[in-house]
There are 2 protein chains.
Amino acid sequence: MSIVNDTFASRFGCAYIEDGGVTSAKGFSAAGVHAGFRKDPGRLDMALVVADEPCACAAVFTQNIFCAAPVQVSKEHLSEGGAGGPAYGTARAVVINSGCANAATGEPGRENARKMASITADAVGCTQQEVVVASTGVIGVHLPIEPLVAGAPAAMAAASPQGGANAARAIMTTDTVPKECAVTFSGDEIGHPGVVFTVGGMAKGSGMIMPNMATMISVITTDAPVLPNDLHKVLSTAVNMSFNKVTVDSDTSTNDSCFIFANGKAAPTAEPFEPGTPAFAALQAAVNQVCVSLARLMATDGEGATKLVTVSVKGAANDAEADLAARAVANSPLVKTAIFGHDANWGRIAGALGRSGAHFEQENVSIDIMGMPVCRDGLTVGFDEDEALRRFEDPEIALDIDLGAGDAETIIWTCDFSHDYVSINGDYRS
Amino acid sequence: MSIVNDTFASRFGCAYIEDGGVTSAKGFSAAGVHAGFRKDPGRLDMALVVADEPCACAAVFTQNIFCAAPVQVSKEHLSEGGAGGPAYGTARAVVINSGCANAATGEPGRENARKMASITADAVGCTQQEVVVASTGVIGVHLPIEPLVAGAPAAMAAASPQGGANAARAIMTTDTVPKECAVTFSGDEIGHPGVVFTVGGMAKGSGMIMPNMATMISVITTDAPVLPNDLHKVLSTAVNMSFNKVTVDSDTSTNDSCFIFANGKAAPTAEPFEPGTPAFAALQAAVNQVCVSLARLMATDGEGATKLVTVSVKGAANDAEADLAARAVANSPLVKTAIFGHDANWGRIAGALGRSGAHFEQENVSIDIMGMPVCRDGLTVGFDEDEALRRFEDPEIALDIDLGAGDAETIIWTCDFSHDYVSINGDYRS
């Protein structure tokens, strides 16, 4: 699926930049290099995104109790919100390695994550506190520091406003395609006539989770002006409707990290955008669009997944129940294998809804599969089997559910479950 | 796995009866016939279990909001606990058909379920209220009544104390083996010297859930004396530690039903066993043993499952969190494919635990796989890979987890996730 043609994410209203990515916004450079975390010298394994100057930075991390050392250290560096509070502050760069997750490594692991930050800071010319870190790869193995010693300076030397594509490739592990995009929004209607603001980003994470558990990592950059604490609100909202609405096999990684940097370079004399203003709303929409685009790409990527599946639930009693219902359907192996098999049987969807924890009456439930009604008032509606098979040829399958129990709604993305899923995850020997 | 050699369930202390089943207890007859619900005349598709006289009956049903007509009607017939209360009362027989679930069939479905009861009642010679019903098969299709007209009398004519085996076969859908067993316990130490009490049962439900969603149905019989409301307590306890602790792909059926009958025939002049007495405790242990035996058989059965997986969690903050943690591991496709692939990597187990909702500190977690320590204090412990591969040859794989956060514990059973799971569920066209 081409990001530029993502008709779903386009509903947020921003224009895509062709070949956009994490360096599309003014004042950001990036690089992707082979530092030596991976054996194959042709494999990029270290990414660096660096802002020309320190700027507002915010992050959202995995909620998994088993959280990795780089996550813990990045939280230490984005501490303006207090210990245990939202992660935001001022930063200059993010450095990401693949090949080793630095998870389940205890205090030595945290020391290594701090060294990763300090070695990078020396290369960039900033303080250790101004560098945030992320890692992805095998759990339980200590992070080798040697690759950083030459790798960090090499990455800094290579960093440029054209380096986004290499950075996007350097963070790939199980991904089959690099994931990046950028959008613009105009300052005309929001108090900055003639200014064009940009939001761009890159991400890794794929539908087929390899034995080393493919982490979701993303880096978003923007040249709009925002204060760190408000930037965290923007990110949090965008992540909750995008990355947090993607489920492939319901397991979250120990290393999931999403960073956003905002440097204000598109309008250097402008005041930071404040919540409640049209400018803030426009920025929110743009960040939403970038994150949703990247998240939907993640949901479909990976060897074996044949379909992007969009589970929409409406009519739920409240937001939490809408999420429970949609997620139960999206996580159901029965539903996902049925889609792989091009089977429009709604019984499996009902089974998942019925034990999801959402409250509703079965007589009020309606279900459509790929736009075809299959259930009304909890009873089967006949459908054209040939038409169903035709519609199953689409790359995106929509499951629309109305619980008839309220007004809350949500959308969750997933992919189907194929033979390759088992092959990839079951045929690997540790 | 042979039930008689189930060393786990044997911990409840009762002796197994060889080839025991739902007619092992005194005063019960059963039959399995081909009534015509299924096309193949060689396929048994209707089971009847009938008590010589009306006796105490209790049941536990699916909590799935999409609950089928036979479940709704059986609840109507076991109404001594009030509408919406525990299902118990007096009954004479249970009739079960395979081939059609009579689910998502609305009021006509309920009418058909009542007809199923009344036609069976006529054949048995009891009232409609004294017959409970269950169905398993395709959802959304109306129950044909014609097969019952000749089938019910045929089943009653064939019913005998030797009919348990046929009944166990008649309820099979995706099961690869019939599931039945019986145990005895002595009255010597519990106030009934010289009396031998029996608990037996049959069940259906398999690890490989077919497109028509293999329902879990079980029927337990005993010749111990118990009042209906107390019998419900026995069943409820046993079900919560057995059938409710089996998860294969985390979806529960619209038709899950578990019935128990107690007729007191082993000691016709004895008072009903009362909660809190040694006799009640002995009965509870026996029912637990039968249900756990049947449940463990369910967890492993089905084409493709190669292992029974036992997930034990201890050290949880409370019972609910122990269950969340164990269930998250047992439902994780990543964990289950790893077991299929003979991979002892604990990272996937950690990933499941960490997002399960259970509260703990990662530094306090210990994990053993097949008796080999792989994680201590949240850090990797090296293990002998060759020994791990040897142990993976066993039919039962144990995952033992200590969260170090309290005293609560639980056990959940599941099976591994193989290629056949996808084949069976994804290659079927509705």
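This structure is a prediction, so every number in the text was calculated from the model and none was measured. (Residues numbered from 1 in each chain as written. Chains lettered and ligands numbered in written order. Predicted model: local features only at pLDDT ≥ 70, side-chain atom pairs only at ≥ 80, totals over all residues. Heavy atoms only, no water.)

Examining the sheet that holds strand β12 (residues 372-376) of chain B
Residue and element names in this part refer to chain B.
Thinking step 1. The strand order β13-β12-β11-β14-β10-β15 describes an open sheet built from six strands, whose pairing is mixed. Each edge of the open sheet is held by one strand with a lone partner, namely β13 (379-380) and β15 (408-415).
Thinking step 2. As judged from the four bridges shared by strand β11 (residues 366-369) and strand β14 (residues 396-402), these two strands associate in the antiparallel manner. The residue bridging Ile369 from the neighbouring strand is Leu399, located in β14.
Thinking step 3. Contacts between helix α6 (residues 278-300) and the sheet are confined to β10 (308-316), β14 and β15, with β15 contributing the most and set at about 45° to the helix. (Pairing = 2+ DSSP bridges. Helix = DSSP H or I, 4+ residues; strand = E, 2+ residues; numbered from the N terminus. Contact = heavy atoms within 4.5 Å. Axes fitted to C-alpha atoms, helices over the stretch in contact; angles between N-to-C directions.)

Details of the domain arrangement of chain A
Thinking step 1. Each assigned domain of chain A is listed with its residue range as follows: domain 1 (7-300) and domain 2 (308-426).
Thinking step 2. Placing the centre of domain 1 of chain A and that of domain 2 of chain A at their C-alpha centroids yields a distance of 32 Å. (Domains from an automatic or database assignment.)

Considerations on the sheet that holds strand β15 (residues 408-415) of chain A
Residue and element names in this part refer to chain A.
Thinking step 1. With mixed pairing, the six strands of this open sheet are ordered in space as β13-β12-β11-β14-β10-β15. Every interior strand has two partners, whereas the edge strands, β13 (379-380) and β15, have only one.
Thinking step 2. Running at roughly 45° to β15, helix α6 (residues 278-300) makes contact with β10 (308-316), β14 (396-402) and β15 of the sheet.
Thinking step 3. Lying over the sheet, helix α8 (residues 333-340) contacts β10, β14 and β15, oriented at roughly 135° with respect to β14.

Things to note about helix α7 (residues 319-331) of chain A
Residues and elements named next belong to chain A.
Thinking step 1. With 13 residues, α7 should reach 18 Å at 1.5 Å per residue; the first-to-last C-alpha distance of 18 Å fits that figure.
Thinking step 2. Within α7, burial applies to Glu321, Ala322, Asp323, Ala325, Ala326, Ala328, Val329 and Ala330.
Thinking step 3. The opening residue of α7, the one whose side-chain oxygen lies 3.1 Å from the backbone nitrogen of Ala320, is Asn318. (Expected span 1.5 Å × (residues − 1). Buried < 20%, exposed > 50% of the residue type's maximum accessible area, 1.4 Å probe, protein only. Polar contact = N/O pair within 3.5 Å; in protein donor to acceptor, adjacent residues only side chain to side chain.)

Notes on the pairing of β11(B)
Thinking step 1. Residue alternation in β11(B) divides its side chains into two sets, B:Ser366 and B:Asp368 and B:Ile367 and B:Ile369, and both sets are buried.
Thinking step 2. The loop that links β11(B) with its antiparallel partner β12(B) comprises two residues; one of these, B:Met370, has a positive phi angle of about 55°.

Quick notes on the side chain of B:Lys307
All names here are of chain B.
Thinking step 1. By the element assignment, Lys307 lies in the loop between α6 and β10.
Thinking step 2. Although Lys307 lies buried, it forms no salt bridge, and the closest oppositely charged side chain, Glu393, sits 5.6 Å away as judged by the N-O distance.
Thinking step 3. Among the polar contacts listed, one links the side chain of Lys307 to the backbone oxygen of Asp394, at a separation of 3.0 Å.
Thinking step 4. Beyond its immediate sequence surroundings of up to four residues, Lys307 is in contact with Thr300, Ile339, His342, Phe392, Glu393, Asp394, Pro395, Ile397, Thr414, Cys415 and Asp416. (Lys, Arg positive; Asp, Glu negative; His and termini not counted. Salt bridge = Lys/Arg side-chain N within 4 Å of Asp/Glu carboxyl O.)

Quick look at the pairing of β15(A)
Residues and elements named next belong to chain A.
Thinking step 1. When you tally the buried positions in β15, you get six out of eight residues, the bulk of the element.
Thinking step 2. Sheet topology places β10 next to β15; seven bridges connect them, and they run antiparallel. Its bridge partner being in β15, Ala316 is matched across the sheet by Ala408.

Some details on unusual backbone geometry
Residues and elements named next belong to chain B.
Thinking step 1. A positive phi angle is found at Ala104, which is not glycine, with a value near 60°.
Thinking step 2. Its place among the elements puts Ala104 in the loop between β4 (87-100) and α2 (106-124).
Thinking step 3. Judged by its relative accessible area of 13%, Ala104 falls in the buried class.
Thinking step 4. The backbone of Asp377 shows a phi angle near 55°, a positive value even though the residue is not glycine.

Things to note about the pattern of salt bridges
Residues and elements named next belong to chain A.
Thinking step 1. Summed over all chains, the structure comprises 30 salt bridges over all chains.
Thinking step 2. Between Glu180 and Arg169 there is a salt bridge; the shortest N-O distance is 3.9 Å. With Glu180 in strand β6 (residues 179-186) and Arg169 in helix α4 (residues 164-170), the pair connects residues that are 11 residues apart, well separated along the chain.
Thinking step 3. Note on Arg169: relative accessible area 37%, which makes it partly exposed.
Thinking step 4. What you see here is one network of salt bridges that share partners, running through Glu76, Glu107, Arg110, Glu111 and Arg114.

What to know about the state of the cysteines
All names here are of chain B.
Thinking step 1. Counted under the stated rule, the structure contains zero disulfides over all chains.
Thinking step 2. Free of any disulfide, Cys14 has its nearest cysteine sulfur in Cys181, 10 Å distant.
Thinking step 3. Using a relative accessible area of 12% as the deciding quantity, one classes Cys14 as buried.
Thinking step 4. The thiol sulfur of Cys55 is not disulfide-bonded, and the nearest other cysteine sulfur, from Cys57, lies at 6.9 Å.
Thinking step 5. In this structure Cys55 comes out as buried when scored by relative accessible area, which is 6%. (Disulfide = S-S within 2.5 Å.)

A look at the confidence of the model for chain A
Residue and element names in this part refer to chain A.
Thinking step 1. Put simply, chain A has an average pLDDT of 90, and 93% of its residues get 70 or more.
Thinking step 2. Here helix α11 (residues 419-426) stands out as the element of chain A with the lowest mean pLDDT, 61, in contrast to strand β2 (residues 28-33), whose mean of 98 is the highest.
Thinking step 3. Scored below 50 in pLDDT, residues 208-213 makes 30 contacts in the model with residues more than four places away or belonging to other chains.
Thinking step 4. Interface scoring of the predicted complex returns ipTM 0.78; its pTM is 0.83. (pLDDT = per-residue confidence, 0-100.)

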